[in-house]
Amino acid sequence: MSADREMHDMTQTDIAFLLADAADGVEIGTAPVHAVLRGGRRRRARRWAVASATAVVVAGTTGALAVTGLPGGGHADRQANVAKPPASAEARHVYEPQRTELARGTYRGKEWHAAVQVWGAPRDEAEADRQFDAMAELGIQPAEARKPADLIGRISYFATRGWGEHRPQQVMFNSVEKFERFSGTDMEAAATRLGYTGESSGRLVIGMVARTARQVTCHWKDGTTAVAERAEGFSAHDTGSAIRSVDGFKGANWFTCVAPEGTSYDSAEVTK
C-alpha cells in the first residue's frame, strides 16, 4: 500500500478502536467497521464486521467473472438433471462448521492460533434456530443477525484467534448469500493481537486474497517485512505467515502475517 492511502467512512466506532488500542485498554467486543483503505482501483463498499482493538481493512483492484452454460440435450445431460435428494443440514455444515487452521505459534509461553470457520446456510427457521444456538455455544455471533431467521439463506464465516486457555474470539466475520470472488490484487484484512493484552496489538494480520495470489508482503512500522506464501500443513519451521485455502470458502484464499516483537502492522500488498 502506498503512503498516500485514504481512509473512508471513518465512524465513531472506528475511532473508539484506535483510542482503545492507543490507551492499551481492554479489548472491546463485536462492532461493525466501515473504514476502507484505498489501494489501486477503488472497490465497491461492502459492510464488514471486525472485532478487535486494532482493525484495518484494505482493498486492491477488482474484477468480474462471468460463467455461461452451453446448450445440450444428450443422454448424459438428462441424467444430470435427474432430481437428487436434498443434502441434510449436517452434510451442509449448518450445525457444525468446517474449520481450517490458518496459523499457530507461541506468545509468552502460551500457544496462539488463528482459524476460519464456515457455516452452511440454513434453509428454514428450524435450521436457523439450531444454528444460532450452536454458534452461541462457541461464543461467536454472526454479523447483522439479531434473530435466527436473519441467517436463513446466508453462509456465515468467522476468522478467529485464540491464545492459551482463553476461548477463541472472532476477529473478522460476515454472513453472505454467496461468496465474492477476489481477483488480481484484491485484498481485505484485519490487524489484531497475538495475545489478549495491548503490547501485542497489530502483530497478527488475518485476511483474504485472490486464489491466484502466490505471495503477500506485510510491512511493519519498524520498516521490516514478513512474506506469506502458499502453504499446506504445518512444520516446526513455520513463521505464522502463510496463504492457505479454507474448507468451504469459495472465491478467495486466506493469509496470515506475524510481526516481530516491538512493532506492528503498517500495510500489506499482494506481491506475486
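Remember, it's a predicted structure, so these values are computed and weren't measured experimentally.

### Remarks on the nonpolar core
No. 1: In terms of nonpolar packing, the biggest core is built from 28 residues, with Trp112, Val118, Tyr157, Met208, Phe249 and Trp254 touching the most fellow members.
No. 2: When residues of this core are traced back to their parent elements, those giving at least two are β5 (98–107), β6 (110–119), β7 (155–163), β8 (169–176), β10 (204–209) and β14 (253–258).
No. 3: Excluding residues that lie within four positions of it along the chain, Val118 makes contacts with His93, Pro97, Gln98, Ile155, Ser156, Tyr157, Phe179, Val246, Asp247, Gly248 and Phe249.
No. 4: Within the second largest apolar cluster, 18 residues are counted, among which are Val205, Val216, Cys218 and Ala228.

### Quick word on the state of the cysteines
No. 1: Considering all chains together, one arrives at 1 disulfide under this definition.
No. 2: One disulfide bridge connects Cys218 with Cys257, the sulfur atoms lying 2.2 Å from each other. The disulfide joining Cys218 to Cys257 has a torsion of about 80 degrees about its S-S bond and is therefore right-handed. With Cys218 in strand β11 (residues 215–220) and Cys257 in strand β14, this pair connects stretches of sequence that are 39 residues apart.
No. 3: Judged by relative accessible area, Cys257 falls into the buried class, the value being 0%.

### Structural notes on the sheet that holds β14
Note on sheets: strands pair through backbone hydrogen bonds, and any given pair is parallel or antiparallel.
No. 1: Spatial strand order, β9-β10-β14-β13: 4 strands in an open sheet with antiparallel pairing. Edge positions in the sheet fall to β9 (187–192) and β13 (242–244), since each of these pairs with one other strand and no more. The mean inter-strand angle of the sheet, taken between neighbouring strand axes irrespective of direction, is 20 degrees.
No. 2: Two strands pair when backbone bridges link them, and β10 and β14 are joined in this way by 6 bridges, in the antiparallel orientation. Across the sheet, Leu204 pairs through a bridge with Val258, a residue of β14.

### Some details on the side chain of Thr160
No. 1: Tracing the sequence through the fold places Thr160 in strand β7.
No. 2: Residue classification places Thr160 among the buried residues on the basis of a relative accessible area of 2%.
No. 3: Dropping the residues within four chain positions of it, Thr160 is found in contact with His113, Ala114, Ala115, Gln117, Pro168, Gln169, Gln170, Val171 and Ile206.

### Let's talk about the side chain of Glu127
No. 1: Note on placement: Glu127 falls in helix α3 (residues 125–137).
No. 2: Glu127 sits in the buried class, given a relative accessible area of 11%.
No. 3: The contact partners of Glu127, leaving out residues within four places of it in the chain, are Ala89, Arg92, Val94, Tyr95, Ala121 and Pro122.

### Structural notes on unusual backbone geometry
No. 1: Its identity is not glycine, yet His93 carries a phi of approximately 60 degrees, on the positive side.
No. 2: Checked against the element boundaries, His93 lands in the loop between α2 (75–80) and β5.

### Considering the environment of Gly120
No. 1: Note on placement: Gly120 falls in the loop between β6 and α3.
No. 2: As for Gly120 and Tyr95, which are separated by 25 residues in sequence, their C-alpha atoms are 8.0 Å apart.
No. 3: Leaving out residues up to four positions away in the same chain, Gly120 has contacts with Arg92, His93, Val94, Gln131 and Arg154.

### Description of the pattern of salt bridges
No. 1: One pass over the full model with this rule turns up 6 salt bridges.
No. 2: Of the charged contacts in the structure, one is a salt bridge between Glu199 and Arg108, with a shortest N-O distance of 3.1 Å. Placement of the pair is Glu199 in the loop between β9 and β10 and Arg108 in the loop between β5 and β6, with a sequence separation of 91 residues.
No. 3: On the basis of relative accessible area, Glu199 is assigned to the partly exposed category, the value being 40%.
No. 4: With relative accessibility at 60%, the residue Arg108 sits in the exposed group.
No. 5: Residues Lys110 and Glu165 are paired through a salt bridge, measuring 3.5 Å at the closest nitrogen-oxygen approach.

What counts as what
- Residues numbered from 1 in each chain as written.
- Predicted model: local features only at pLDDT ≥ 70, side-chain atom pairs only at ≥ 80, totals over all residues.
- Heavy atoms only, no water.
- Core = buried A, V, L, I, M, F, W, Y, C linked by side-chain atoms within 4.5 Å.
- Buried < 20%, exposed > 50% of the residue type's maximum accessible area, 1.4 Å probe, protein only.
- Helix = DSSP H or I, 4+ residues; strand = E, 2+ residues; numbered from the N terminus.
- Contact = heavy atoms within 4.5 Å.
- Disulfide = S-S within 2.5 Å.
- Pairing = 2+ DSSP bridges.
- Axes fitted to C-alpha atoms, helices over the stretch in contact; angles between N-to-C directions.
- Salt bridge = Lys/Arg side-chain N within 4 Å of Asp/Glu carboxyl O.

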